[in-house]
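One-letter residues, chain by chain:
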Amino acid sequence: MTLPGVATGRPKAGYDVVVVGAGVQGLATAYELARSGVTNVAVLDRSWPGGGASGRNGEMIRSAFSSREWAQLFDLSLRRFSELSAELDFNILFSPSGYLVLSTTDEELRRQDLVAAKQAEYGVQSEILDAAEVRRLVPHANPELARGGIFQRRAGFAHHDAVVWGYLRAAARAGVSVFSGVDVHAVLTSGGRVTGVRTDGGDIAADIVVNAAGAYSDDLNLTADVHLPLVKARLEMIVTEPVKPFLRCAVATPHLLGYCHQTARGEFVGGTELPGHDETDSLNTTYHMLRDMATKWVRLFPDLGGVRILRNWAGTVSQAPDLAPVLGEAPGVSGYHLSIAWVYGFMGAPAAGRLLAESITTGRVPAVMAPFEARRLIEGRSIAESTLVVTTDGRS
Amino acid sequence: MTSAHPDEPVAFTFEGRTLSARPGQSIASAILQSGTPVLTRSFKYRRPRGYTCGYDICGNCPVTINGLPGVTSCTTPVRGGEVVRRERGWPSTDRDLLRATDLMARFVPAGFQFRLFRSRPRLAHLAEKVMGRVAGAGRFPTPQAARAVRTRTEVDAADVLVVGGGISGCAAALGAAGTGASVTLVHPGRLGGRANARDSIVTHDRETAPAAEVAGRLASAVLAHDDIRVVDGFVMSYFETGMIPVVADGLVLECRPKHLVVATGSYDVPGLFPGNDKPGVVLADGVSKLLRVDRVVPWRRAVVMTDGGRGRPLADQLEQAGVEVVAIVVQRGAGASPEPGPGPADRQLDDERVLLGTVRAARGARVLRAVDVEVDGRVRTIRADLLCVALAPRPANDLALQRQYVTAGTTQTVGGGWAGADLSASTPGMSVVGSAAGWTSDDPDRAHAVGAAAGSGSGSTQGK
Ligand SMILES: Cc1cc2nc3c(=O)[nH]c(=O)nc-3n(C[C@H](O)[C@H](O)[C@H](O)COP(=O)(O)OP(=O)(O)OC[C@H]3O[C@@H](n4cnc5c(N)ncnc54)[C@H](O)[C@@H]3O)c2cc1C
Ligand code: FES
């Protein structure tokens, strides 16, 4: 069975643009390209659309970050999320129920005023909550851990498959060809310019190639002789059997390294991490992470004790040392564009797709996107963002 | 509360009523016996659901027991004193007003939520909340119930882990232990598994006897063996590094055996026809278990549906229990069932109950009242309160497949090529025995030999 929107038959010998990866990033980019008139576009994926991290993530969406760069990029995305169902003609089940970054330590409590003040400065509205307010908002949270927080009211979560399907169908309607089961082996270049891609079914010519290959984006870069300090990392999640509605907003706890929300059906969905990332591209789940998730979530929400876990799964991403995405043309290879190193790439996709498409079609890099260009990694600059639920392995 | 004498009836509370049961009989069977066929409702369309498989496979029988929601009632034994209630449905599981969702199913097809309100974000958000309530989101366990299911962790150092304690699993465990290996055998509930309710004849140690008898003998030998640890529980999953956690009462056993023996048996396959989820449509092994193990007969008139040799043994079991079997529908074009039985379909033709035809529908507003059978192009409606579905079973080889999959290392590709893996032969570190390996009849001697090879291969025989 193929998904509606996936092309039948084989790719043509050439396109104006070839996008590698039919995750949310590649599909959003292709859709935005088509919207701005570039329709001779192929999206190639060796798996099925959304089979990568885009169908395996925590679905959480916010723009209340501590750095100007993150706040501005993700605020554009958040605004896009609220108009996306209408625009794509597909209900992506965006739920603006709010997003709480929970403060559980003295350090986080001390810093939260400062972070919120910065957010106000960037034009991102957020509220500082004290212990009593947090407990009112999340009454089932363990009071020992629910000590304060920063709450973004218009943020929340959406259905990750629906976002993929919505972009897929809308891109296909606009003329984009999305192929499943096509493995890209290399990016072809000549004299510092991209010329196409080599696939398991032969070469495909294109003056513009977009790398949106998720966890495998670094492997693809190497074939084009583009060297960036990226690593693969595995992340894991659980979903429980349905319980009564007890958690309206999305919650991230940087201290526990966890993020979670409850679906409309009542399932509790959460992921955690342990310090030091799990450098592999395996999609196996692990016993120690299952235990970590069970332990941390019952600690934060004691009422979950005794509730069964229905499923758990793993997904993989690629990460830069500063955990920020890499967006824009690759250094040294003209026509080769990157939308990679996404750790928060679900929430970032609507903005990134639009910005990258704009830079491809106009040749000008939008100001919101500029800080995320690959050059920063080569020059050793990093974007300092302090409210992420990801570990850096002490490298940034 | 537990009775002193093992066969003395015990009592438990079901939605305010006191029900009596034999200790060890399943909660579901006791509820059925009391005349209540609807155990729960489906999640979205609120369709009535009842006892179907009997072996914790189908998910149609969850109830709340002592404040713990979602307990599988077909495999949970009555101990006495439990407080049991059903979960979904308002005002009750029997008469659910929200069943309207099912009656309107035509207007709310699968995936309707992606089409609704796509240009009205506020309405969409509201609709989502309403759907959440309507879908009947469950409850939290009570604090006492949560405490009662708390587990501690223990490392299990056995050389060989046998998963499944039916005829094959018990025989394999004995084989492995016979080589001096230490063995842990995991099985949910009473050892013997599906064989406990079977009438087929099994050869073991050059003697033939009914399966239930052989299962009983093997189980006693296992329980009496000093080097076999028997755990009443189930395997959580197969994880990287060979970690196989076993969940038991109050305990998670972390097993990392040198050799894994998969003896997980088979699944009954449901039939494909409208109404196949109606209470009263019951899979073959579920029927046998209710009659033979739980010793409950909640039916009067049965239709048996089969694609091979399993039909007549089931019909015989039902008649022996006093249920009138009005028809045995042998599906056209079906081959012989690989299950042990009196033979292929055509051998049943001398039986006047046999109809060569196809089940077209299970009828009844809430529970099964009649079965539509098509014979020679004409559909007949046969009144019955049981439709026993006795199709060729499917190997329950999930754990074996999972090990292959995890060991191969899963990166994301289309297909993956693991589903067709050959599980019949032993691979380093794993053997599959019995119906899990696709064996078509019980063969305890062969399973014993595989177990012995596993035991001696696990490198623990030296010095013993
Ligand atoms: C457990 C987990 C939880 C997460 N939680 C969140 C969250 O709450 N919020 C959030 O915003 N983000 C979250 N993320 C991150 C987010 O999922 C990713 O950043 C995002 O999905 C990246 O999208 P993508 O399109 O770049 O990559 P992917 O979705 O991984 O897509 C890449 C695609 O490229 C294909 N591909 C790769 N190489 C090749 C090749 N050589 N040839 C052909 N095809 C190829 C793959 O098959 C794949 O389909 C989470 C991630 C995980 C794993
Ligand atoms: S799970 Fe209990 S009847 Fe199927």
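Residues numbered from 1 in each chain as written. Chains lettered and ligands numbered in written order. Predicted model: local features only at pLDDT ≥ 70, side-chain atom pairs only at ≥ 80, totals over all residues. Heavy atoms only, no water.

A. Here's a closer look at the overall build of chain A. Helix and strand counts for chain A stand at nine helices and 19 strands. Relative to a compact globule of 396 residues, whose C-alpha radius of gyration would be 21 Å, chain A shows 20 Å and is just as compact. Over its C-alpha atoms, taken along the principal directions, chain A stretches across nearly 60 × 45 × 40 Å. Evaluated residue by residue, chain A yields a buried proportion of 62% over its 396 residues. For chain A, contacts bridging at least 24 residues in sequence account for 75% of all contacts bridging at least 6. Just so you have it, chain A exposes about 14,100 Å², and 50% of that area is on carbon and sulfur atoms. Averaging the locations of the 37 positively and 42 negatively charged side chains of chain A gives two centres separated by 4 Å. (Helix = DSSP H or I, 4+ residues; strand = E, 2+ residues; numbered from the N terminus. Rg over C-alpha atoms; globule rule 2.2 N^0.38 Å. Buried < 20%, exposed > 50% of the residue type's maximum accessible area, 1.4 Å probe, protein only. Contact = heavy atoms within 4.5 Å. Areas by Shrake-Rupley, 256 points an atom, 1.4 Å probe, with all protein chains shown as cover. Lys, Arg positive; Asp, Glu negative; His and termini not counted. Charge placed at Lys NZ, Arg CZ, Asp CG, Glu CD.)

B. Local environment of helix H5 (residues 160-173) of chain A. Residues and elements named next belong to chain A. For H5, spanning 14 residues, the distance from its first C-alpha to its last is 20 Å, which sits close to the expected 20 Å at 1.5 Å a residue. When we look at burial in H5, the residues that qualify are His160, Ala162, Val163, Val164, Gly166, Tyr167, Leu168, Ala170 and Ala171. In the stretch just after H5, Gly175 is the one whose phi turns positive, near 110 degrees. (Expected span 1.5 Å × (residues − 1).)

C. Looking closely at the sheet that holds strand S21 (residues 354-363) of chain B. Residues and elements named next belong to chain B. Strand order in the open sheet made by the seven strands is S18-S24-S19-S20-S21-S22-S23, with mixed pairing throughout. In this open sheet, the two strands that pair with only one neighbour each are strand S18 (281-283) and strand S23 (378-383). With strand direction ignored, the average angle separating the axes of adjacent strands in the sheet is 35 degrees. Pairing between S18 and strand S24 (residues 386-390): three bridges, direction parallel. Bridge pairing in S24 places Val281 opposite Leu387. Its contacts with the sheet place helix H7 (residues 284-293) against S18 and S24, and it is angled at close to 90 degrees to S18. Along the sheet, helix H8 (residues 311-320) contacts strand S19 (301-306), strand S20 (324-331) and S24; its crossing angle with S20, the most-contacted strand, is approximately 170 degrees. (Pairing = 2+ DSSP bridges. Axes fitted to C-alpha atoms, helices over the stretch in contact; angles between N-to-C directions.)

D. The arrangement of the environment of Val17(A) in detail. All names here are of chain A. Following the sequence through the fold, Val17 ends up in strand S1 (residues 17-20). We classify Val17 as buried; its relative accessible area is 2%. Once the C-alpha coordinates of Val17 and Arg173 are considered, the two residues, 156 residues apart in sequence, prove to be 17 Å apart. When near neighbours in sequence (up to four residues on either side) are disregarded, Val17 contacts Leu33, Val38, Asn40, Val41, Ala42, Ala206, Ile208 and Val210.

E. Looking closely at unusual backbone geometry. Residues and elements named next belong to chain A. A positive phi angle is found at Leu323, which is not glycine, with a value near 65 degrees. One can find Leu323 in the loop between strand S17 (309-319) and strand S18 (326-329). Relative accessible area serves as the criterion here: at 4%, Leu323 is assigned to the buried category. For Ala341, which is not a glycine, the phi torsion comes out positive at approximately 60 degrees.

F. Representation of the packing of aromatic side chains. Residues and elements named next belong to chain A. Taken as a whole and assessed by the stated rule, the structure comprises 15 aromatic pairs over all chains. Every member of this aromatic cluster is reached through a ring pair, and the members are Phe65, Trp70, Phe74, Trp342 and Tyr344. In this structure, Arg46 is placed above the aromatic ring of Tyr216, and the distance from its NZ or CZ to the ring centre is 4.3 Å. (Phe/Tyr/Trp six-rings, centres within 6.5 Å; stacked < 30°, edge-to-face > 60°. Lys NZ or Arg CZ within 6 Å of the ring centre and 35° of its normal.)

G. Molecular detail of the side chain of Ser217(A). If you trace the backbone, Ser217(A) turns up in helix H6 (residues 217-223). For Ser217(A), the residues in contact, after removing those within four places along its chain, are Asn211(A), Leu230(A), Ser318(A), Ile340(A) and Ala341(A).

H. Broad picture of the domain arrangement of chain A. All names here are of chain A. The domains assigned to chain A are domain 1 (17-55 + 161-229 + 322-378) and domain 2 (96-156 + 231-319). Just the C-alpha atoms count here: the centres of domain 1 and domain 2 sit 29 Å apart. Facing eleven residues of domain 1, the contacting portion of domain 2 comprises seven residues. Carbon and sulfur atoms supply 54% of the area that domain 1 and domain 2 bury against each other, a total of about 900 Å² over both sides. The interface formed by domain 1 and domain 2 holds one salt bridge in total. Summed over the shared surface of domain 1 and domain 2, the result is four residue pairs in polar contact (both at pLDDT 80 or more). Each residue belonging to the side of domain 1 that touches domain 2 can be placed in one class, and the counts come to eight nonpolar, two polar and one charged. (Domains from an automatic or database assignment. Buried area = accessible area lost by both parts, 1.4 Å probe. Salt bridge = Lys/Arg side-chain N within 4 Å of Asp/Glu carboxyl O. Polar contact = N/O pair within 3.5 Å; in protein donor to acceptor, adjacent residues only side chain to side chain. Nonpolar A, V, L, I, M, F, W, Y, C, P; charged D, E, K, R; others polar.)

I. Inspection of the packing of helix H5 (residues 167-177) of chain B against helix H10 (residues 444-457) of chain B at higher detail. Residue and element names in this part refer to chain B. Orientation of H5 relative to H10, taken along the N-to-C sense of each, is 40 degrees, at an axis distance of 6 Å. By the criterion of interaxial angle, the relationship of H5 to H10 is oblique. Of the two possible hands of crossing, H5 and H10 adopt the one that is right-handed. Touching Ile167, Ser168, Ala171, Ala172, Leu174, Gly175 and Ala176 of H5 are Pro444, Ala447, His448, Gly451, Ala452 and Gly455, all from H10. A breakdown of the residues in the contact of H5 with H10 according to their chemical character gives eight nonpolar, five polar and no charged. (Parallel < 35°, antiparallel > 145°, perpendicular 65-115°, else oblique. Left-handed = near helix turned anticlockwise from the far one by under 90°.)

J. Spatial organisation of the interface of chain A and chain B. Contact with chain A, which involves 50 residues of that partner, is made by 42 residues of chain B. Interface area for chain A against chain B, summed over the two sides, is near 3,600 Å², with a carbon-plus-sulfur share of 57%. For the chain A face of the interface with chain B, the top three residues by lost area are Asn91(A), Asn284(A) and Tyr287(A), together amounting to 18%. In this structure, the connection of chain A to chain B is made through two salt bridges. Among the salt bridges present, the one from Arg291(A) reaches Glu254(B), with a minimum N-O distance of 2.9 Å. Of all the elements in the fold, those that place two or more residues in the side of chain A that touches chain B are helix H2 (68-88), H5 and helix H7 (287-300) of chain A.

K. Representation of the packing of helix H1 (residues 24-35) of chain A against helix H8 (residues 345-362) of chain A. Residues and elements named next belong to chain A. Packing of H1 against H8 brings their axes to within 8 Å, and their N-to-C directions diverge by 40 degrees. The angle between H1 and H8 falls in the class oblique. The chirality of how H1 crosses H8 is right-handed. Where H1 abuts H8, its residues Val24, Gln25, Ala28, Thr29, Glu32, Leu33 and Arg35 lie against Gly345, Phe346, Gly348, Ala349, Pro350, Ala352, Gly353, Arg354, Leu356, Ala357, Ile360 and Thr361. Here the contact of H1 with H8 is composed, by residue class, of ten nonpolar, six polar and three charged.

L. Region of the structure containing the pairing of strand S10 (residues 183-187) of chain B. Residues and elements named next belong to chain B. With five of its five residues buried, S10 lies for the most part within the structure. Burial along S10 is two-sided: the face carrying Val183, Leu185 and His187 and the face carrying Thr184 and Val186 are both buried. In terms of handedness, the path from strand S9 (residues 160-163) via H5 over to S10 forms a crossover that is right-handed. In the sheet, S10 pairs with strand S13 (residues 228-235) via five bridges, with the strands oriented parallel. Looking across to S13, one finds that Leu185 is bridged to Val230. (Right-handed = clockwise from strand over helix to strand, strands pointing away.)

M. Region of interest: the pattern of salt bridges. All names here are of chain A. The tally for this structure, following the rule as stated, stands at 43 salt bridges over all chains. The shortest N-O distance in the salt bridge between Asp203 and Arg198 comes to 2.8 Å. A relative accessible area of 40% means that Asp203 is categorised as partly exposed. Judged by its relative accessible area of 41%, Arg198 falls in the partly exposed class. As a salt-bridge pair, Arg234 and Glu236 come within 4.0 Å of each other at their nearest N and O atoms. Both residues of the pair, Arg234 and Glu236, count as buried.

N. Layout of the sheet that holds strand S5 (residues 62-65) of chain B. Residue and element names in this part refer to chain B. The sheet built from five strands is open, its strands ordered S2-S1-S7-S5-S6 with mixed pairing. Strands at the two margins of the open sheet, each flanked by one partner only, are strand S2 (17-21) and strand S6 (68-72). Taking the axes of each pair of neighbouring strands and ignoring which way they run, one obtains an average angle of 40 degrees across the sheet. With two bridges connecting them, S5 and strand S7 (residues 83-85) associate as antiparallel partners. Each residue of the ladder has a partner; that of Thr64, found in S7, is Arg85.

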